[in-house]
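Summary of the model geometry
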Amino acid sequence: MEILADKLRPQNLDEIIGQQHLVGKNMIIRNLVENNHLVSMILYGKPGIGKTSIAQAICNQTNKPYRMLNATINNKQDFDIVIEEAKMYGEMIVIMDEIHRLNKDKQDLLLPYIENGLIILIGMTTSNPYHKINPAIRSRCQIFELKELTIDDIKEGIKKASKHLKGIKIDDEAINVIAKLSSGDLRNAINLLEVAYYGSSDKKITKDEISKINAKAIFFSDANEDGHYDVLSGLQKSIRGSDVDASLHYLARLIEEGDLDSIYRRLSVIAYEDIGLANPGIGPKLMAAIHASELVGLPEARIPLGAIVTEMALSPKSNSAICAIDAALEDIENGNTGNLPAHIKTNAPDYKYPHNYPNSWVKQQYLPDNIKNKKYYQMKNNKYEENLNKLHREMKGEK
């Protein structure tokens, strides 16, 4: 039995919901199709936003022969068969799902035929192709990123799908609930609509009926791919930007994934990269929160993690420490080093031991001659660093 989402698959570019930056009037993919001049391409984006729909619409509209392959499921023999078919037709579109998983044997098999135009490849992936797809394939394809569907896009898709369900009764409130539960995945929204329709006795779909099927919003987890790292990035940038609400939102998404180790690692980086010397006590506090989280586990781990992320977002920020070490590393990488001053080498007789002097400080050169006046550390404007700087000047007898 054909499921509704597949039955409603768009037959041409005009039927695509969303992605108007690619398939709208005078946009790149539409122009390629209308000019009948296709190129190999990679479509990437989250699940359920139109990658397969666009690929099949391209094939339908150009009337070119095509085959669908999966880089993981189909074996080398399946690839050989498709290549032989392409030779018979003189040209063939190959729609390949999960192209980021294409192994070297299959890649080597396809490359010459992509190169000579026998095969027009349309690869699809949820992963960032710049990170996950082999450069040899990537260099032969145009890369197009699909954008997330809006709530209005999803509602449009639900309304279109409803027209194919005989006798359905659904109000705007139910449509809104389905749209929100789908988290931008149109296929998921249509599947939920179909289950609600066939799961009811009177074909009437209400908010309450939907909640019996799915009361919890689905979000794109993708724990080992780019979606996961995007959420981690969102967490760090929100804390860095002192937006406590956004910080807690992204923390909640990561907690929902259950990947506490990734949370611990990223928060540790944030504590020293973004908060740093503006609030040096945040590091030990974070370690205590991590220890507490490990002791209690989920779901209670959300409590210490929520507390520490709230404090980190509200804390003053300074990146002076990371800027200083990166500047020093840049000198090392560029060979801007030089010999150590003789008096600070091992067992040097003329080394002045600071603890033998007032305030445990004595003026002497520590950097090599060619960079002796280098200043890596640049103080940021916050109370802790201002106090450190004040104490440092006092130690040296400066006012």
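Since this is a predicted model, take the numbers as computed values, not measurements.

1. Observations regarding the overall build of the protein chain
- Counting its regular elements, the protein chain contains 19 helices and seven strands.
- The C-alpha atoms of the protein chain give a radius of gyration of 29 Å, which is well past the 21 Å a tight globule of 399 residues would have.
- Overall, the C-alpha framework of the protein chain stretches about 90 × 55 × 40 Å when taken along its three principal axes.
- Considering only residue pairs separated by 6 or more positions, the protein chain has 74% of its internal contacts joining residues 24 or more positions apart.
- A total of about 22,100 Å² of accessible surface is found on the protein chain, and carbon and sulfur atoms cover 50% of it.
- When the 50 basic and 53 acidic side-chain charges of the protein chain are each reduced to a single mean position, those positions are 4 Å apart.

2. With respect to helix α9 (residues 151–162)
- The terminal C-alpha atoms of α9 lie 16 Å apart, and with twelve residues this matches the ideal 16 Å at 1.5 Å per residue to within 8%.
- For α9, the complete set of buried residues consists of D153, I154, G157, I158, A161 and S162.
- In the core, the buried residues of α9 are packed alongside α1 (4–7), β6 (169–170), α10 (172–182) and α11 (186–198).

3. A closer look at the environment of N103
- Secondary-structure assignment places N103 in the loop between β3 (92–97) and α6 (104–115).
- Its relative accessible area of 35% is what places N103 among the partly exposed residues.

4. What about the packing of aromatic side chains?
- One pass over the structure, following the stated rule, counts one aromatic pair.
- The ring of Y197 carries the charged tip of K203 above its face, separated from the ring centre by 4.8 Å.

5. Considering the pattern of salt bridges
- One pass over the structure, following the stated rule, counts 16 salt bridges.
- The residue K87 makes a salt bridge to E84 at a minimum N-O spacing of 3.4 Å. With K87 and E84 both in helix α5 (residues 76–89) and three residues apart, this pair spans about one turn of that helix.
- Given a relative accessible area of 43%, K87 falls into the partly exposed group.
- In this structure E84 comes out as partly exposed when scored by relative accessible area, which is 44%.
- Of the charged contacts, one joins E98 and R101 as a salt bridge, the two residues approaching to 3.0 Å between their closest N and O atoms.

6. Topic: the environment of N319
- Note on placement: N319 falls in the loop between α17 (302–314) and α18 (320–333).
- The sequence separation of N319 and G123 amounts to 196 residues, and the corresponding C-alpha distance is 41 Å.
- Once you skip the residues sitting within four places of it in the chain, N319 turns out to touch E273, D274 and K380.

7. Describing a negative patch on the surface
- Taken together, the side chains of D171, D172, E173 and D208 make up a negatively charged region of the molecular surface.
- For D208, a relative accessible area of 55% translates into the label exposed.

8. Topic: the environment of A328
- Considering the arrangement of structural elements, one finds A328 in helix α18.
- On the basis of relative accessible area, A328 is assigned to the buried category, the value being 19%.
- When the C-alpha positions of A328 and K374 are compared, they lie 9.3 Å apart, and in sequence the two are 46 residues distant.

9. Here we look at the pairing of strand β1 (residues 41–44)
- Of the two faces of β1, the one lined by M41 and L43 and the one lined by I42 and Y44 are each fully buried.
- Looking at chain direction, β1 and strand β5 (residues 142–145) are connected through four bridges and run parallel. Among the inter-strand pairings, L43 is bridged to a residue of β5, identified as F144.

10. Some points on the pairing of strand β2 (residues 66–70)
- Of the strand pairs in this sheet, β2 and β3 are connected by five bridges, and their pairing is parallel. The partner of M68 across the bridge, within β3, is I95.
- Read as a crossover between parallel neighbours, the route from β2 over α5 to β3 is right-handed.

11. Section: the side chain of S247
- In this fold, S247 is placed in helix α14 (residues 244–257).
- What makes S247 buried here is its relative accessible area of 0%.
- Within the structure, S247 has its side chain in polar contact with the backbone oxygen of S238 (distance 3.5 Å).
- Not counting chain neighbours up to four residues away, the residues in contact with S247 comprise L235, S238, I239, V309 and A313.

12. Considerations on the sheet that holds β2
- Read from one edge to the other, the open sheet built from five strands follows the order β2-β3-β4-β1-β5, with strand pairing classed as parallel. Two strands lie at the open edges of the sheet, namely β2 and β5, each paired on one side alone. The mean angle between the axes of side-by-side strands here comes to 20°, regardless of whether they run parallel or antiparallel.
- The pairing of β1 with strand β4 (residues 119–125) spans four bridges and is parallel. Bridge pairing in β4 places Y44 opposite T125.

About the criteria used
- Residues numbered from 1 in each chain as written.
- Predicted model: local features only at pLDDT ≥ 70, side-chain atom pairs only at ≥ 80, totals over all residues.
- Heavy atoms only, no water.
- Helix = DSSP H or I, 4+ residues; strand = E, 2+ residues; numbered from the N terminus.
- Rg over C-alpha atoms; globule rule 2.2 N^0.38 Å.
- Contact = heavy atoms within 4.5 Å.
- Areas by Shrake-Rupley, 256 points an atom, 1.4 Å probe, with all protein chains shown as cover.
- Lys, Arg positive; Asp, Glu negative; His and termini not counted.
- Charge placed at Lys NZ, Arg CZ, Asp CG, Glu CD.
- Expected span 1.5 Å × (residues − 1).
- Buried < 20%, exposed > 50% of the residue type's maximum accessible area, 1.4 Å probe, protein only.
- Phe/Tyr/Trp six-rings, centres within 6.5 Å; stacked < 30°, edge-to-face > 60°.
- Lys NZ or Arg CZ within 6 Å of the ring centre and 35° of its normal.
- Salt bridge = Lys/Arg side-chain N within 4 Å of Asp/Glu carboxyl O.
- Patch = residues over 30% accessible without salt bridge, like charges linked within 9 Å, V, L, I, M, F, W, Y side chains within 5 Å.
- Pairing = 2+ DSSP bridges.
- Right-handed = clockwise from strand over helix to strand, strands pointing away.
- Polar contact = N/O pair within 3.5 Å; in protein donor to acceptor, adjacent residues only side chain to side chain.
- Axes fitted to C-alpha atoms, helices over the stretch in contact; angles between N-to-C directions.

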